[in-house]
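Okay, here's what each chain looks like letter by letter:
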Amino acid sequence: QLEAEATDLLYEGDHVVGAGWIDLTTGQEYRTHAAATVVATGGFLRDLERVRALRPELADIPLRYASWPGADGNGLELLLGAGAATQNLEAIGLYAHGMAHPTVEGGYLGLPFAASAMWVNTDGNRFVDESTTNSFVTGELLSFQPGGVAWVVGDADVNNFGELGVEDRGGLFTVADLVSLGEVFEATELAGLAEPTLVPEPALLAEASGFNAFIAGESEDTFRNVP
């Protein structure tokens, strides 16, 4: 990551002839002239206010970002100030890769679950083909579940949650760590998860029965048959 940030574009008449920038390590400001200037940092997905403005249907959804620190929209603002045209800014994909970090504001933990884990909403109903977790499909569908919330129900093979979206990357939280923090619930029987998650037990058990039958190869699954 470069320790510099562009602050403005330099003009001669209507022509861009360089950029002003600041050395983030010293605070020193510079102006660099060039025959050609390329703005290559138009990302803005860390600016959740802009994201919600472009996709107002997400206004009440608890969004988090995993974008690199430079994706703050600064480059886009420079381009807009220069009169650049834009297109498809609202084409923002949503992943469902993580949960809120239990100790770091704005951070999140990556979910390690495979397609053998079941996703249910707060009504206890499945709503997605779990094999699409590594795509925008799950994130989009999750966003429009009641409260924008879902539970992932896995078995004892799930051990570690990777730490992402924070400055000190690479740490791990075990399931036991998150249980002690009240972020994850565990039970010896599936029905024991209904009370702490506030998910209706009959719906949870019914969905799990059908899901387990599919995983065991004993039945078809409606979600997995959706193209």
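Note: the structure precedes this text.
Numbering of residues starts from 1 in each chain and follows the order in which that chain's sequence is written. With the structure being a predicted model, the display of local features is reserved for residues of pLDDT at least 70 and the display and counting of side-chain atom pairs for 80 or more, all residues being used for whole-chain, interface and lining totals. Side-chain metrics in this entry use all non-hydrogen atoms of the structure; hydrogen atoms and water are not considered.

Turning our eyes to something else, we now look at the overall build of the protein. Working definition: helices are DSSP H or I runs of at least four residues, strands are E runs of at least two. Numbering for both runs from the N terminus. The number of helices and strands found in the protein is six helices and nine strands. For the protein, whose C-alpha radius of gyration is 22 Å, the value lies well above the compact-globule estimate of 17 Å for 227 residues. Taking the principal axes of its C-alpha atoms as reference, the protein extends roughly 70 × 35 × 30 Å. Only protein chains enter the accessibility calculation, which uses a 1.4 Å probe; a residue is then buried when its area is under 20% of its type maximum, exposed when over 50%, and partly exposed in between. Out of the 227 residues in the protein, the part that is buried amounts to 32%. Accessible surface for the protein amounts to roughly 13,500 Å². Of this, 53% is attributable to carbon and sulfur atoms. Placing the 9 positive and 34 negative side-chain charges of the protein at their respective mean positions leaves the two points 5 Å apart. We compute the radius of gyration over the C-alpha atoms and compare it with the globule rule, which gives 2.2 Å times the number of residues raised to the power 0.38. Using a 1.4 Å probe, the Shrake-Rupley method yields the accessible areas, and only the shown protein chains count as cover for residues. Counted charges follow a simple rule, with Lys and Arg positive, Asp and Glu negative, and His plus the chain ends left uncounted. Every charge is mapped onto a representative atom, which is NZ of Lys, CZ of Arg, CG of Asp or CD of Glu.

A regular strand carries its side chains on alternate faces of the sheet. Of all five residues in strand β3 (residues 29–33), zero are buried; the element is thus mostly exposed. For two strands to pair, DSSP has to find at least two bridges joining them. Where strand β2 (residues 15–23) folds back on β3, the antiparallel hairpin that results is connected by five residues, among which G27 adopts a positive phi of roughly 80°.

Moving on, we come to the pattern of salt bridges. A side chain with one charge can pair with a side chain of the opposite charge if their charged atoms come near. Here a salt bridge means any side-chain nitrogen of Lys or Arg lying within 4 Å of a carboxyl oxygen belonging to Asp or Glu. Under the definition given, this model contains six salt bridges. In this structure, the salt-bridge partner of R50 is E77, at a minimum N-O distance of 2.5 Å. Placement of R50 in helix α1 (residues 48–54) and of E77 in helix α2 (residues 74–81) is noted, with a sequence separation of 27 residues between them. Overall, the relative accessible area of 19% leaves R50 in the buried class. The closest approach of N and O atoms between E140 and R55, which form a salt bridge, is 2.9 Å. A residue pair is termed long-range when its members are at least 10 positions apart, and E140 in helix α3 (residues 136–143) and R55 in the loop between α1 and α2 qualify at 85 residues. In the salt-bridge network here, residues are joined through shared partners; they are D47, R50 and E77.

Mapped onto the secondary structure, T133 falls in the loop between β6 (118–121) and α3. From its side chain, T133 meets the backbone oxygen of E130 in a polar contact 2.7 Å long. For the purposes of these results, a polar contact is taken to be a pair of N or O atoms within 3.5 Å, where, inside protein, one atom must be able to donate a hydrogen and its partner to accept one; residues adjacent in sequence count only when each atom of the pair is a side-chain atom.

Looking now at the sheet that holds β2. The antiparallel open sheet is built from three strands, whose spatial order is β1-β2-β3. Only two strands of the sheet have a single neighbouring strand rather than two, namely β1 (4–12) and β3. Averaged over neighbouring strand pairs, the angle between their axes works out to 25° when direction is ignored. Note on method: axes are straight lines fitted to C-alpha atoms, helices fitted across the in-contact stretch only, with angles between N-to-C directions ranging 0 to 180 degrees.

The next thing to look at is the packing of aromatic side chains. Working definition: a ring pair exists when centres of Phe, Tyr or Trp rings (six-membered ring for Trp) sit within 6.5 Å. Plane angles under 30 degrees give stacked, over 60 give edge-to-face, the rest tilted. Following the criterion strictly, the structure yields three aromatic pairs and no others. With a centroid separation of 4.6 Å and an interplanar angle of 20°, the aromatic rings of W21 and Y30 are classed as stacked. The exposure class assigned to W21 is partly exposed, which follows from its relative accessible area of 27%. Ring geometry for W151 against F185: centres 5.8 Å apart, planes inclined by 50°, an arrangement best described as tilted. Placement of W151 in strand β7 (residues 150–153) and of F185 in the loop between α4 (175–180) and α5 (194–197) is noted, with a sequence separation of 34 residues between them.

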